[in-house]
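# Results of the structural survey
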Amino acid sequence: MTSEARIYDPEALHAALDALHEPGALARAARGLPGLGGSASPMAQARQLRRLLLDAIASLQPADGYIFGSIRNRAYDVLHLRYVEGNTITDIADEIGITE
C-alpha cells in the first residue's frame, strides 16, 4: 500500500474498526478494502489492516500540547478510547465529559 490517501467505504472502515481486536472478523473486513497484500493470507491481511488502523489513529494524536479531553484532541481521544482501548460509548462520554 502506498502512502497516498485512499478513500474507503465508510461502512467497511467502521466494520474494520469494530473488529480491531478480533482477528477472524478483521480478516473478513480486510476483504472489502483494497490494497491489503493482494495474495497474502487472510490473517496476514488482517494484521496489515490492524497496523494501518492503529497507525491512522496514532497519527491524530497532537505532538505538542496534548491535553486529554480538550476539544482540540477530541477526535483522537474518542477513537483511541473506543477502538484501541475498547471502551463503550457511554464510558467514553463519561470520561471526557460529553453526552453520548
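The text that follows walks through the structure, step by step, so that each part is easy to find. (Residues numbered from 1 in each chain as written. Predicted model: local features only at pLDDT ≥ 70, side-chain atom pairs only at ≥ 80, totals over all residues. Heavy atoms only, no water.)

## Digging into helix α4 (residues 74-84)
- All of the buried residues in α4 are Tyr76, Asp77, Leu81 and Tyr83.
- Against the buried residues of α4 lie α1 (10-18), α3 (42-59) and α5 (89-96).
- The first or second residue beyond α4 is Gly86, which carries a positive phi of 80°. (Buried < 20%, exposed > 50% of the residue type's maximum accessible area, 1.4 Å probe, protein only. Helix = DSSP H or I, 4+ residues; strand = E, 2+ residues; numbered from the N terminus. Contact = heavy atoms within 4.5 Å.)

## Quick word on the pattern of salt bridges
- Overall, the coordinates contain one salt bridge when judged by the stated rule.
- Measuring nitrogen to oxygen at the nearest pair gives 3.2 Å for the salt bridge that ties Asp55 to Arg51. Here Arg51 and Asp55 lie together in helix α3, a separation of four residues that amounts to about one turn.
- The exposure class assigned to Asp55 is partly exposed, which follows from its relative accessible area of 40%. (Salt bridge = Lys/Arg side-chain N within 4 Å of Asp/Glu carboxyl O.)

## A look at a negative patch on the surface
- A grouping of Glu85, Asp91, Asp94, Glu95 and Glu100 is seen on the molecular surface, where their side chains present a negatively charged patch.
- With respect to the helices and strands, Glu85 occurs in the loop between α4 and α5.
- Overall, Glu85 belongs to the partly exposed group, its relative accessible area being 49%. (Patch = residues over 30% accessible without salt bridge, like charges linked within 9 Å, V, L, I, M, F, W, Y side chains within 5 Å. Areas by Shrake-Rupley, 256 points an atom, 1.4 Å probe, with all protein chains shown as cover. Lys, Arg positive; Asp, Glu negative; His and termini not counted. Charge placed at Lys NZ, Arg CZ, Asp CG, Glu CD.)

## A few points about α3
- When the terminal C-alpha atoms of α3 are compared, their 25 Å separation across 18 residues agrees well with the 26 Å that a helix rising 1.5 Å per residue should span.
- Listing the buried residues of α3 in full gives Gln45, Ala46, Leu49, Leu53, Leu54 and Ile57. Taken down its axis, α3 places every buried residue within 165° of arc, on the same side. Residues of α3 that are exposed and point more than 90 degrees away from the buried face comprise Arg47 and Ser59.
- Buried residues along α3 sit in contact with α1, α2 (23-31) and α4. (Expected span 1.5 Å × (residues − 1). Arc of directions from axis to C-beta.)

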